[in-house]
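Reading the structure
Single-letter residue listing:
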Amino acid sequence: MAGEEWCKQQIYRAVTEGKADFVLVEGAMGLYDGNDCSADLAAKFGIPVVLVMDVRAMAQTAAAVAVGLRNYRDDFDMVGVIANKCGSNYHGQLVRDALPDDLPLWAALKRDESIELPERHLGLVQPSEQKEDWIEPRLESGADLLEEAGILPFVDTLKPVQFMSQQIPAVCPDALLGKTIAIARDDAFSFTYTANITLLQDMGAKICYFSPIRDDSIPMEATAVWLPGGYPELHAKALSENTSMISSLKQFHEDGKPILAECGGFLYCMDTLVDLDGNSFHMAGLIQGTGTMKVKGG
């Protein structure tokens, strides 16, 4: 969305300013789905691809699918495969033996509930909604399984990918000087990208956060409000009952101050939100209309 040069600059900044030793780019959907797809990004940036496959109910066929995906295009390098949810060591070995020498199996991971992350519509259940010590043990267990599966020697074979600072127009450092942007951040609103917030700060804005669920009002210093996406439908009752926050948001709007609402934040701005169980809740009422959640395909 932001262009090839800008994306390259973000990776360059991650390495130089963030002191990253290793950059992992997670693909979205399948390798070739969408524009630009994961394969497009790999080709443009010269990033090697490791294919992660759910190999339940197949063995040699998994190798055939992997080879087919690798050979579908020739403008990027697929360097290995990770076979996920293997039924046994033998299952993983069948996949390994069926793969060609130039597309090795990096790791075969058995099904293991200790590393599973629960899913729902739009993605995963967020760590903030789990117990405090819930996510770290899963990440550590996943890392241990990968190491035990022998992935590290393959990682060590990867050649460095060079990213140079891009010649892109610099942002005006005082374009938002003196402005304070209040961003909603809690269990209902959390779909933000660090790069967007960094850009606002690079333009001179100050950032503060507030919770439409728990706080009584928008921060006094705010000159603009950002209501990002999230899961307001899961917290519609709490949002509806926080009438003090709704009054504060309405006053902010009546004062003519800017509000950016997207996805779940847009639902919060509507008159009413109907959750997946059919329950109806009053929202902020800044925009006429009703947001109704539907089951997949509804």
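Residues numbered from 1 in each chain as written. Predicted model: local features only at pLDDT ≥ 70, side-chain atom pairs only at ≥ 80, totals over all residues. Heavy atoms only, no water.

Attention now goes to the sheet that holds strand β8 (residues 206–210). Reading across from one edge, β8-β6-β9-β11 is the order of the four strands in this open sheet, with parallel pairing throughout. Each end of this open sheet is capped by a strand with a single partner; those strands are β8 and β11 (259–261). For this sheet, the mean inter-axis angle between neighbouring strands, taken without regard to orientation, is 20 degrees. Note: strand β6 (residues 180–184) against strand β9 (residues 224–227), three bridges, orientation parallel. Along β9, the bridge assignment pairs A182 with V225. The strands touched by helix α7 (residues 194–202) within the sheet are β6, β8 and β9, with β8 carrying the most contacts at an inclination of about 135 degrees. (Pairing = 2+ DSSP bridges. Helix = DSSP H or I, 4+ residues; strand = E, 2+ residues; numbered from the N terminus. Axes fitted to C-alpha atoms, helices over the stretch in contact; angles between N-to-C directions. Contact = heavy atoms within 4.5 Å.)

This paragraph deals with the pattern of salt bridges. Going through the model one piece at a time under the given rule, you end up with nine salt bridges. Of the charged contacts, one joins D40 and R73 as a salt bridge, the two residues approaching to 2.9 Å between their closest N and O atoms. In this pair, D40 sits in helix α2 (residues 38–45) while R73 sits in the loop between α3 (60–71) and β2 (78–86), placing the two residues 33 residues apart along the sequence. The exposure class assigned to D40 is buried, which follows from its relative accessible area of 15%. A residue is classified by how much of its surface remains accessible, and R73, at 22% relative accessible area, is partly exposed. Among the salt bridges present, the one from R56 reaches D54, with a minimum N-O distance of 2.7 Å. The partly exposed category is assigned to R56, whose relative accessible area is 43%. Each of R13, E17 and D202 takes part in salt bridges that share partners, so that together they form one network. (Salt bridge = Lys/Arg side-chain N within 4 Å of Asp/Glu carboxyl O. Buried < 20%, exposed > 50% of the residue type's maximum accessible area, 1.4 Å probe, protein only.)

Now for a negative patch on the surface. Negative charge collects at one region of the surface, where E136, E140, D144, E147 and E148 lie side by side. By the secondary structure assignment, E147 is in helix α5 (residues 135–148). (Patch = residues over 30% accessible without salt bridge, like charges linked within 9 Å, V, L, I, M, F, W, Y side chains within 5 Å. Areas by Shrake-Rupley, 256 points an atom, 1.4 Å probe, with all protein chains shown as cover. Lys, Arg positive; Asp, Glu negative; His and termini not counted. Charge placed at Lys NZ, Arg CZ, Asp CG, Glu CD.)

Moving on, we get to helix α9 (residues 243–254). In an α-helix, one turn spans 3.6 residues, which is why side chains three or four residues apart end up on the same side. For α9, spanning 12 residues, the distance from its first C-alpha to its last is 16 Å, which sits close to the expected 16 Å at 1.5 Å a residue. Taken as a whole, α9 has its buried residues at M245, I246, S248, L249 and F252. Angularly, the buried residues of α9 cover 160 degrees about the axis, an arc narrow enough to put them on a single face. Turned more than 90 degrees away from the buried face of α9, the exposed residues are T243 and E254. Contacts from the buried residues of α9 go to β8, β9, α8 (236–241), β11, α10 (264–269) and β13 (280–282). G256 lies just past α9 and shows a positive phi near 80 degrees. (Expected span 1.5 Å × (residues − 1). Arc of directions from axis to C-beta.)

For a regular strand, side chains alternate in direction, first toward one face of the sheet and then toward the other. Here six bridges tie strand β1 (residues 49–54) to β2, and the two strands are oriented parallel to one another. Considered in β2, the bridge of V52 is made with I82. The parallel pair β1 and β2, bridged by α3, forms a crossover whose chirality is right-handed. Taken together, the four bridges between β2 and strand β3 (residues 105–110) define a ladder with parallel strand orientation. Its bridge partner lying in β3, V81 is registered against L105. Once you follow β2 into helix α4 (residues 89–98) and on to β3, the crossover reads as right-handed. (Right-handed = clockwise from strand over helix to strand, strands pointing away.)

Turning to a nonpolar patch on the surface, a few remarks are in order. A cluster of nonpolar side chains, contributed by V15, V23 and V25, occupies part of the molecular surface with about 220 Å² of accessible area. Tracing the backbone shows V25 in the loop between α1 (4–16) and α2.

A separate point is the packing of α3 against α4. For any two helices packed against each other, the geometry comes down to the angle between their axes and how far apart the axes lie. The geometry of α3 relative to α4 is characterised by a closest axis approach of 7 Å and an angle of 40 degrees between their N-to-C directions. Between α3 and α4, the interaxial angle falls into the category oblique. Regarding α3 and α4, the two cross each other, and that crossing is right-handed. Taking contact as the criterion, the partners of Q60, A62 and A63 in α3 are, on α4, L94, V95 and A98. Among the residues making up the contact of α3 with α4, the classes are represented as five nonpolar, one polar and no charged. (Parallel < 35°, antiparallel > 145°, perpendicular 65-115°, else oblique. Left-handed = near helix turned anticlockwise from the far one by under 90°. Nonpolar A, V, L, I, M, F, W, Y, C, P; charged D, E, K, R; others polar.)

Another point: unusual backbone geometry. Backbone torsion omega between N35 and D36 reads -10 degrees, so that peptide bond is classified as cis. Checked against the element boundaries, D36 lands in the loop between α1 and α2. We note that A57 has phi near 65 degrees; this positive angle belongs to a residue other than glycine. With respect to the helices, strands and loops of the structure, A57 is situated in the loop between β1 and α3. According to the relative accessible area criterion, A57 is exposed, its value standing at 86%. Despite not being glycine, K85 has its phi angle at roughly 60 degrees, a positive value. Along the chain, K85 turns up in strand β2.

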